[in-house]
Amino acid sequence: MKKKFKDGGILSWNFLRQLFLIMKLTLFILITSVLSSLATGSYSQNAKVTLDLKSVTVKETLKAIENSSEFFFVYNNELINVDRKIDIQVKNEKIGDVLGKIFDGRNVEVTVIDRKIILAPTYMGSQQQGKKITGKVTDASGGSLPGVSVVLKGTTTGVITDLNGNYSLANVPENATLQFSFVGMKAQEIAVGNKTTINAVLTEETIGIEEVVAVGYGTQRKSDLTGSVASVSSKDIKSSASMTLDRALQGRTAGVNVSSNTGAPGGNVSIQIRGVNSTSGDGANDPLYVIDGIPITTDDNMGGRGFTRSGTLNSPLAVINPNDIESIEILKDASATAIYGARAANGVVIITTKTGKVGAAKVTLDYSYGIQTVIKKLEMCSFEQYAEMYVQSIDNYNLYTKQNGVADRVKSPYMIKGTPEYEIYKANGNTDWQDAIFRTAPTKDINLSVTGGTEKLSYSISGGYTKQDGIIMKTDNTRATLRSNIDLQVNSWLKIGSKLNIGREWGNMVTSGENYQGIDGIWQALPFFKVYNTDGSYWENAEAPYVNLGLNNPANIKAKLDREKQETKRNRLIASVYGEIRILPELTFKSSFGADLTTTNQYVFMPFYNPNSYINNSSSQVDVKNYNTYNIVADQILNYLMKIGDHSFGAMAGFSYQQFYRQTELMSAKGSTDARLDQIGNQPSMYSMYGDRVYSGLVSQFGRVNYSYKNKYLVTATIRRDGSSRFGSNKKYGIFPSASIGWKVSEESFLKSIKQISNLKIRASYGKTGNQNIGNFSYLAKTGSLTTVWGNADAAAIATTLANPDLRWEDNIQKDLGLELGLFNQRIVFDADYYNKRSNGLLVSIPIPGSAGAQVSQTRNAGSVENKGWEFMLSTRNLQGEFSWNTDFNISFNKNKVLDIGKAADGSSNYFYGLGLGNDAAVNRTEAGHSIGEFYLIKTDGVYQTQAQVDALPVVLSTGRIVSIGTQRYVDQNGDKKIDDLDRVYVGSPLPKFTGGINNTFSYKGLSLSIFANFVYGNKIYSNVLRTLEKGDGYWNQTKWYYDNYWRADKPSDVGIPFKGPSNSGVYGNVSNNNDRALFDGSYLRIKNITLAYQFPKSIVQKVGLSNMRVYSNIANMFTLTNYRGIDPDVNSQGANPMSAGVDNYSYPTAKTITFGMNLEF
Amino acid sequence: MKTNYKVLIVILVGLFLTCCEKNLDPKMYGSLTVDEYFSDVNSIDASVNAAYQALQDEGGYKNAMWAIGDIASDDTYYGDDKLDGLDGDPNTGQLTSMWRAHYKGIYRCNVVLNRIDGIIFAANRVGLKPQYKGQVLFLRALFYFNLVRVFGDVPLITNEIKTAEEAYVGRDPITKIYAQIIADAKSAVDLLPEVYSTSIPNTGMSQDKGRATKGAALMLLSSVYLTLKDYTNAKDYATQILNLTNKYSLLPAYGDLFCKPYSGAGNTYPLENTAESIFEVQFGDQSGRGTQANWWMGPQSWDTSLRWNRPTDKTNKDAGAFVAFTDKSTLMQEFETGDARATAAIFSTSNSVDVNASTGLPWKFCGKYLVKGKTNNNDPANFPVFRYAETLLILAETENETNGPANAYQYINQVRTRAGLTNVASGLTKDQFRDVVFHERRVELCFEAKRWFDLVRTGRMESTMSAHLGKTVNAYQNIFPIPKLERDVNPLLVQNPGYAQ
């Protein structure tokens, strides 16, 4: 930019000339006003007026005076009747006398200030004695409303109610009308008449079609929208009592599917707007988040590179305080999102923080305290049950292997009932490891905010502190935030402001996932092992009779968790300043500069640890990771609004520059044998190091045009041109257009007469957006190093990738058809949308000719995915009045299908597996014709109940073993009598058929009860938890369900019998990996939030010096209706990767939370 | 105010269209683009190294070259239908990997040739420039020589491919390929040193052993002309090798050239890059740097009792058993009694357990690349491409073809003497002598990726292979099918006649 000014001679010349002109003009005004002030007092007294006019309007008369003198008139033609015809004949009369004649008896006050003559109704004049009106403004509950503006209709005269809602207005004529208005309340008018006390009761505005919502780079009246935009209000966010705002979105609005990756404090969620659009992971399916105008980075999020144990990554939004949110708008269709171009393919979430309101300073204090408990425990086996199963499994093993001529496996005497060894373990009692690890954890949340302002300056300042302990020991997350939003109207044409959000977040976590190192041990740990010795130290195997059961998990998970440390600390600053110039009444120019800065530090300590078990770190290890990002953005926006007759026209054009930077350093060292020496400097040997830095940038131009005719026919068109550093040189710029139309049918005369229909709008949109989450510098020809065998020297380097100048964004073409219907004065509001999205050019590895040399396949834009679906929202005011009942319901259906994911090198269609689970293979597979990440498993078909069944289907397992009675029966899809990968088939999708939520709010006077439920239907969950805890041949504990249900000759069932193999390889005819026994229906209905609140009557509150007081209690996740036997059906352990969705892999469990809180205002 | 607004528009439009392009082209950290990379002599050195690496690839001499040169020939029997059985399957793995590795090497050579003239060499290193050029020209010629002998017409790419689109090219006639090979090899002869010496101070050249020399380039040219039946030129270039200042010589014992599995408990690391070696592909003993030659042609590994350490199922070809010289190959019979090369080249199980059930005879394998304790991943045995014994055999052959046998005996007898054999009987006819040389090549150069190409160039492939396989083998099979994977990607590649389209 700097350079441009230097080069652009013409521009700067023009600019200077203009500056000079402005300076000249200023000087001129200054001189004339000084001169005229010197002359004050003489002209008006001396000047004489001569007029001779017949049947002219007052207006024309005044014009004539202006023309023949130096006087000019200032008046409001709504207050002064200037269309009245008069005759007038004066000769050299003083102006005062002339005006006296014109307005004789008309109650017009004439004020002459030098040459300026002000005409006003007499009731506005200070000399005129109208009467004094006093009164009080309250809300429906009787609470006083401070800050309400009370204005004489048709004038600017008015006052604002004081803290107690009282006002007093002098000089009010009897024929006047008072207007009471307050944001969020319905405006009210009351005629003065002969009253001297006028009290007003303001009611809350019904959900408004006049609501204004944030759209990209501006706002729009909701009624004028032609795109699909959903709003979530701060009230909804608050009532969810969520510690982070992403969780608060769950179930609140149609088309937004929120699934939990982890229940850890501050942990991540996956948010998908209208389905999964990309097969790429690492945020390629995340919506774009725009916080106070700054598109923040989540695609390069704090990914756990180098951290083998970081099970719970924190959400990028966790550092935003939900209390600071004014509104969240979710832009869904292309008409709404295309203004964000190459980043909008997954939808856009616009988050606006609170700004100041005109009125006296309002201080709000929110405080809440909650207690959390684990949502569900799994019932595990006792020692007796475990031992019984163990013995049986050895018997099975020996019986079975003898048929194959292999020697006996010896039972451990510790597991045989009646032996002295058995009694030793029995005497240990049964340890409930879940009780040992889980805890009742408190949450504390305190927020203090001050908002207020005048017409010139408004402010909103707040501070918040939230501490959430985790339900698993040693986990917690704390957030402290500061926010200051200030807007200043400098003068009639300039407004400036700043928004500042500073957050710091820090916490401790534990490792999740099946890896024998983390919280999987909570369930796998054996019941006959103790937590503590009698002296209070940790019970370790070494201190007790120990038998080699082949344990591959720490014997004492609590000791392990206690000794490890995983800390994350993050600072985030999101700040912006803007200036807005009103160039013309219709035209404004806004320039804003913002930044999003983060620094993240992670620290992991795995101590020297040797409890005689699988985990025996022979030395400590420390990982340290520092991760810094900055993201700066500068936007220049011109806005034009014009109305001519029936035509309304709006236009916006903008330019945006954004730069991103990311720097990562990772160090890992180990070697200390003293667990107290836990710093990286204490570790004698370097283990691994990594570091990089990445710059990327965007340069964008965009524009939007809105047109409406008679407020009935609406057209919107947007376009964005995005240049991105991620795109190949031939595709440096992408163009993303959209167009949409709306028809407010209810404004047509033929519907206007039908009073029942208060709103009916039909809209349609079409547009293109992009996903630039394709990695940085993928298009460049890069060099890499390789090994050439050259005796001892072997360095070699060469181009390893060819340039791909055509590499570009993944694009997304979306069609949307919407209907908005309001009935009975908006008591019933119904929205419906149909959409069809097609993502093209998904990044897929495509084979290229071997003669290219550098590589045999190249990542190219080739894949294609389709999402289509329906969304419905219904809001009804079932009961109104003193007792009111409102219902909000939403439901959305989405169907995802991969159309093309490229061809394999041999020309067959491609497929990709998801992430593996623990040591086992992946269970999801993505292939054309199926939804992304469908489960691809071997089907089970009960258990071989009789030898006859075995003989009829004597299949061989992949390990070469043959099945026997009581073992699981698998479907041999290809009939080759072998059960192997070739028998895997698609058995269901992790993506739900529909999701939604329903909220009911009942209120009576100050009391309100809101019950919110969300639901998910038709998805499958692959439970790696239940697979490992119900496989029957591991060494760890098994669920009680398995003990109760496995096949026995005396109790036939469809669950395979336990087999104790030489390892946990699952090979002995029992549950092997990757079959559908671990696949569950993931549907659920959850009572997600129940909030009971009481708003104290103002009369009481005011006595203690408050203006408002509310107390509430909230229960989150109280009850879940589901067929899933695992801990929580709201699980998506590997949610960051869309091709590995729907897996429960020992996620941090969800909590049930009871919160008590209060809001105070004064 | 009105004009203000105009100015603003002008400013904004200016910004809209031209601002901040630099933001779209940020510097990449952490790795270098190709353009950035080629900045100095070190980048050239590393890239020349990389060109050699293609020879060490599975599609080079780690696997594919001897899989085609020896396993496809009548020297070995494997039981597999693909190369061994000449079933003409265009999905044969070695054909695909051979194609790709060779073009990978060609690409790397082209990159160096395209960039080297733009690099400024310091005065004390300027002498390296012709050496680097010569090496990649030699390598490119060798890559194309292999390609053209295996596939016939192939795409001739001599420019640096920069985008994938440039690689979609069709096949060029072999005459054009050979012209390029000869031109490259001749340039290499001119540019390459006979030996890499320390005469250029502080060379920065990473390692000298194993680099292409003038002798290697002459040997390549001679082999090319021999294949083209231009015996005069073939002889001429082979003769130039004799006349080099740096003399090559035969090692005293044939067994010293290769691993010596019978020599006892000690590590029998082969002698490498010897006085006899003209060009050999280097392999190392670290993971991933070894050859697979022993794993697939030999007994895989050995223990102290010299048992065949194969998986239990010795007839399971999936276990990787290239076996049975005794009953399916005539190579064993080809060795004359007392030929020292038989024991050096052939590993025979010495234990009564490891016998071929159907014949009762010990299993016999290639023993040339057997290094104790090493597997297919880390077997360090180098693979000979050209050695002096072959120079002598080429001289014998070309002298016989051009002038008759009279002066050809001197060459072949050197080779036979070293093998502990008597001289070739004198007074042979030209045709008889030709057969003698052919026999000598088979035993001297067995398992050195020569046999198949000898059969083809001498026109003996059809008859020999038909007899070996017990089925009709046709002339079209002198070259192999173009890999299906390549044809799927690049439709411009037409299949060789005779093979399934």
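As a reminder, the structure under discussion sits directly above these lines.
Engineer: How should the sheet that holds strand S44 (residues 924-927) of chain A be read in this particular structure?
Structural biologist: Either a parallel or an antiparallel arrangement is found when strands of a sheet pair, and the pairing is made through backbone hydrogen bonds. Residues and elements named next belong to chain A. Across the sheet, which stays open at both edges, the four strands sit in the order S41-S44-S45-S50 with antiparallel pairing between neighbours. Each of the sheet's edge strands pairs with one partner strand only, and the pair in question is strand S41 (911-913) and strand S50 (984-988). Mean inter-strand twist for the sheet, computed between neighbouring axes without regard to direction, equals 40°. The pairing of strand S45 (residues 934-938) with S50 spans four bridges and is classified as antiparallel. Counterpart to Leu937 in the pairing with S50 is Val985.

Engineer: Is there a simple way to explain the nonpolar core in this structure?
Structural biologist: One recurring pattern in soluble globular proteins: nonpolar side chains tend to sit buried together. By size, the foremost hydrophobic cluster in this structure holds 142 residues, and its most contacted members are Phe138, Tyr144 and Phe279 of chain B. The biggest single contributor to this core is helix H6 (residues 128-151) of chain B, with 15 residues. Every residue in contact with Tyr144 of chain B, bar those within four places of it in the chain, is listed here: Tyr103, Ile106, Val154, Pro155, Leu156, Ile157, Ile177 and Ile181 of chain B. Listed in part, the 49 residues of the second largest apolar core include Val391, Leu1029, Trp1036 and Ile1127 of chain A.

Engineer: When you look at the pairing of strand S10 (residues 177-181) of chain A in this model, what are you seeing that I'm missing?
Structural biologist: For a regular strand, side-chain orientation follows a simple rule: the groups alternate between the two sheet faces. Residue and element names in this part refer to chain A. Alternating positions in S10 separate cleanly, Leu178 and Phe180 being buried on one face and Thr177, Gln179 and Ser181 remaining unburied on the opposite face. The pairing of S10 with strand S11 (residues 188-191) spans four bridges and is classified as antiparallel. If you follow Phe180 over to S11, its bridge partner there is Gln188.

Engineer: Just to check I follow, could you spell out the environment of Tyr779 of chain A for this structure?
Structural biologist: Residues and elements named next belong to chain A. Looking at where Tyr779 falls in the secondary structure, it is placed in the loop between strand S34 (757-771) and strand S35 (783-790). Here the alpha-carbon distance between Tyr779 and Asp806, two residues 27 residues apart in the chain, equals 7.6 Å. Polar contacts involving the side chain of Tyr779 include one to the side chain of Lys732, which spans 3.3 Å.

Engineer: Hey, could you run me through the pattern of salt bridges in this one?
Structural biologist: Think of it this way: side chains of opposite charge can pair up when their charged atoms draw near. Within this structure, the stated rule accounts for 75 salt bridges over all chains. In this structure, Glu882 of chain A engages Lys1005 of chain A in a salt bridge whose closest nitrogen and oxygen atoms are separated by 4.0 Å. One end of the pair, Glu882 of chain A, is in the loop between strand S39 (857-879) and strand S40 (883-900); the other, Lys1005 of chain A, is in the loop between strand S51 (994-1004) and strand S52 (1007-1017), and 123 residues separate them in sequence. Of the two residues, Glu882 of chain A and Lys1005 of chain A, neither departs from the other in class, the shared state being exposed. Among the ionic pairs, Arg115 of chain B bridges to Glu160 of chain B, the shortest N-O distance being 2.9 Å. Of the two residues, Arg115 of chain B is situated in helix H5 (residues 93-115) and Glu160 of chain B in the loop between H6 and helix H7 (174-191); the sequence distance between them amounts to 45 residues. According to the relative accessible area criterion, Arg115 of chain B is buried, its value standing at 14%. For Glu160 of chain B, a relative accessible area of 7% gives the class buried. Through salt bridges with shared partners, a single ionic network connects Glu276, Glu336, Asp339, Arg341, Lys368, Arg387, Arg416, Arg418, Glu440, Glu444 and Glu448 of chain B.

Engineer: Mind showing me how you'd approach helix H18 (residues 461-469) of chain B here?
Structural biologist: What sets the pattern is the α-helix's 3.6 residues per turn: residues three or four places apart point alike. Taken together, the buried positions of H18 of chain B are occupied by Met461, Thr464, Met465, Ser466 and His468 of chain B. After H18 of chain B finishes, the residue Gly470 of chain B shows a positive phi value of roughly 70°.

Engineer: Would you take a moment to explain unusual backbone geometry for this structure?
Structural biologist: Residue and element names in this part refer to chain A. We note that Asn711 has phi near 55°; this positive angle belongs to a residue other than glycine. Mapped onto the elements, Asn711 comes out in the loop between strand S31 (685-709) and strand S32 (713-724). Assessed through its relative accessible area of 27%, Asn711 is described here as partly exposed. One non-glycine residue with positive phi stands out, namely Phe824, at about 50°. With respect to the secondary-structure elements, Phe824 resides in the loop between strand S37 (810-823) and strand S38 (828-847). By relative accessible area, which is 44% here, Phe824 ends up partly exposed.

Calculation notes
Residues numbered from 1 in each chain as written. Chains lettered and ligands numbered in written order. Predicted model: local features only at pLDDT ≥ 70, side-chain atom pairs only at ≥ 80, totals over all residues. Heavy atoms only, no water. Pairing = 2+ DSSP bridges. Helix = DSSP H or I, 4+ residues; strand = E, 2+ residues; numbered from the N terminus. Axes fitted to C-alpha atoms, helices over the stretch in contact; angles between N-to-C directions. Core = buried A, V, L, I, M, F, W, Y, C linked by side-chain atoms within 4.5 Å. Buried < 20%, exposed > 50% of the residue type's maximum accessible area, 1.4 Å probe, protein only. Contact = heavy atoms within 4.5 Å. Polar contact = N/O pair within 3.5 Å; in protein donor to acceptor, adjacent residues only side chain to side chain. Salt bridge = Lys/Arg side-chain N within 4 Å of Asp/Glu carboxyl O.

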